[in-house]
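# Architecture at a glance
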Amino acid sequence: MRKEILILGGGYGGLLSALSARQHLTTEEAGITIINRVGSHQIITELHRLAAGNVAEKAVALPLAKLLKGKSINIVVGEVQTIDVEGKKVALNDGSSYRYDNLVLALGSETNYFGIPGLQENSLTLKSVSDANRVFNHVKDRVKAYATSKNKADATFVIGGGGLSGVELVGELADELPGICREYGVNFSDVSISLVEAMPTILPIFSPELIQRAVTSLESRGVEFLTGLAITEVNGNIVTLKDGRTIETNTLVWTGGVQGSPLVGNCGIEVNRGRATVNEFLQSTSHPEVSLAGDCAVVFATEGRPYPPTAQLAWQMGELVGANIAASYKGAAMGTFNPVFSGTLASLGRKDGIGVIGESGIVMKGSPASLMKKASNARYLSHINGLFSLAY
Ligand code: NAD
């Protein structure tokens, strides 16, 4: 009997699950439906560039309808409201509902505000194409306003959180703000760009040498680092830091952390700190007909530490999930999840970057790292395009 596979989320995990399932299953064997909040597959690893106006929206928001044309994968654009894992159905907030035989949860992560008073109400985020557009328009508006207001808060840009998201964003802003200032007749030396990080250093995943390389490069372009200083409160446009000092700013972008999708965390499957727990086949540990791909799941490495929620992990999870659902229908053996790490690259603006590549940990800096980051994006795009042509 024809099965129904329902995939929630059209990001890396969801898209790859759909393509991989369709590679292995004919339309007679299974219907495949992706439900996504927006009609595009968003290349969220490039959002920092969109937020600074350094890339066109069409390069980071790929229409799902175009990507999946002729591939017999249904696309529903809508907002998931409830997931009923006992009744095996999903309801959207427009009143429609969808039943399934197999469900793939690939709803990603959300910004974590850690309960910091006033933070959510008074900050911008960088989790989607619309967020990135909002940041870019806001930054331009503030510079434009400063040209006449001369209000220092309009020329003060604060990024909260010095992980990869915050550092990549600050690198782009440092490169693009001089041009935006010129456009509005503002002297760039009036502008202040600060990155606030609670820990003693930014990017602790890298070696001290690479961290220093990033700090020196960004400081030379005007970025001030406020490390060891958590943001403790935001009141309107006043940001308070752990040592009691305050910054008056009309632009705070919060990149201080993520948490698993609350929809997944609260749907009744087994979770660990809000992220779904999975077995070696990436099935929910409590509901095997539910598979997980991407940030909404937690996958533990053999030494017991959870893998970081990254695009490369989501992509690999999606591919295995699709293949395993097909294997379960055909009575074939399912594959176990053994992720391959290609490394970590951080861009530091248009032409600079740092990274550690491959299993052997080859260190990269400067334009080779920056080019490698662009190449890894191109590799992803060519990979999904290759799969589109392979799918039924
Ligand atoms: P993160 O959790 O990695 O970094 C958030 C940072 O904010 C941390 O350094 C934390 O100490 C800091 N912070 C938390 N609370 C704070 C406070 N009150 N005040 C100041 N600083 C505070 O989050 P992220 O950078 O959004 O990354 C999320 C995930 O996405 C990670 O797994 C990351 O590896 C991945 N990612 C990867 C890339 C890439 O590969 N280039 C880019 C972006 C994100």
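Refer to the structure printed above.
Here we summarise the structure given alongside this text.

A few words on the site of the ligand. Near the ligand you find 22 residues, and of these S165, E197, A198, I231 and L345 are the closest. Here an oxygen atom of the ligand sits 2.7 Å away from a polar atom, N or O, in the side chain of S165. At 2.8 Å, a backbone N or O of I231 approaches a nitrogen atom of the ligand. Notes on the ligand: free accessible area 840 Å², of which the protein chains cover 77%. For the shell around the ligand, the secondary-structure elements that each account for two or more residues are α6 (164-183) and β12 (192-197). If you tally residues by element for the shell around the ligand, the top one is α6, at three residues.

Attention now goes to the packing of aromatic side chains. For the structure shown, the criterion picks out three aromatic pairs. Look at Y12 and Y380: their rings are 5.0 Å apart centre to centre, the planes differ by 65 degrees, and that puts the pair in the edge-to-face class. Of this pair, Y12 sits in helix α1 (residues 12-24) while Y380 sits in helix α10 (residues 367-390), placing them 368 residues apart in sequence. When its relative accessible area of 7% is taken as the criterion, Y12 is described as buried. Seen from their ring centres, W315 and Y380 are 5.1 Å apart, and the 65 degrees between their planes marks the pair as edge-to-face. With a gap of 65 residues between them, W315 in helix α9 (residues 311-330) and Y380 in helix α10 connect regions that are remote in the sequence. Its relative accessible area of 12% is what places W315 among the buried residues. Exposure remark for Y380: the relative accessible area of 4% places this residue in the buried category.

Turning next to the pairing of strand β11 (residues 156-160). For β11, a buried count of five out of five residues is recorded, marking the element as mostly surrounded by other parts of the structure. Across the two faces of β11 the burial is the same, with T156, V158 and G160 and F157 and I159 all buried. Sheet topology places β11 next to β12; five bridges connect them, and they run parallel. Following the sheet pairing, T156 is matched in β12 by S192. Bridge count between β11 and strand β17 (residues 251-254): four bridges; the pairing is parallel.

Within the open sheet, the three strands sit side by side as β23-β24-β25. Their pairing is antiparallel. What marks the edges here is a single partner per strand, and that holds for β23 (343-347) and β25 (362-365). The sheet shows a mean angle of 10 degrees between the axes of neighbouring strands, direction not considered. Relative to β25, strand β24 (residues 353-357) runs antiparallel, the two being bridged by four bridges. In the sheet register, V356 faces β25, and the bridge partner there is V363.

Looking now at unusual backbone geometry. The phi torsion at S72 lies on the positive side, around 55 degrees, for a residue other than glycine. Even without being a glycine, K88 presents a positive backbone phi close to 55 degrees. Tracing the backbone shows K88 in the loop between β6 (80-84) and β7 (89-92). What makes K88 partly exposed here is its relative accessible area of 33%.

Here we come to the sheet that holds β6. The three strands are arranged β6-β7-β8 in an open sheet whose pairing can be described as antiparallel. Looking at the sheet topology across the chains shown, the edges are occupied by β6 and β8 (97-99). Along the sheet, successive strands turn relative to each other by an average axial angle of 15 degrees, direction set aside. Note: β6 against β7, four bridges, orientation antiparallel. Following the sheet pairing, D84 is matched in β7 by K89.

Definitions and cut-offs
Residues numbered from 1 in each chain as written. Predicted model: local features only at pLDDT ≥ 70, side-chain atom pairs only at ≥ 80, totals over all residues. Heavy atoms only, no water. Near = heavy atom within 4 Å. Polar contact = N/O pair within 3.5 Å; in protein donor to acceptor, adjacent residues only side chain to side chain. Areas by Shrake-Rupley, 256 points an atom, 1.4 Å probe, with all protein chains shown as cover. Helix = DSSP H or I, 4+ residues; strand = E, 2+ residues; numbered from the N terminus. Phe/Tyr/Trp six-rings, centres within 6.5 Å; stacked < 30°, edge-to-face > 60°. Buried < 20%, exposed > 50% of the residue type's maximum accessible area, 1.4 Å probe, protein only. Pairing = 2+ DSSP bridges. Axes fitted to C-alpha atoms, helices over the stretch in contact; angles between N-to-C directions.

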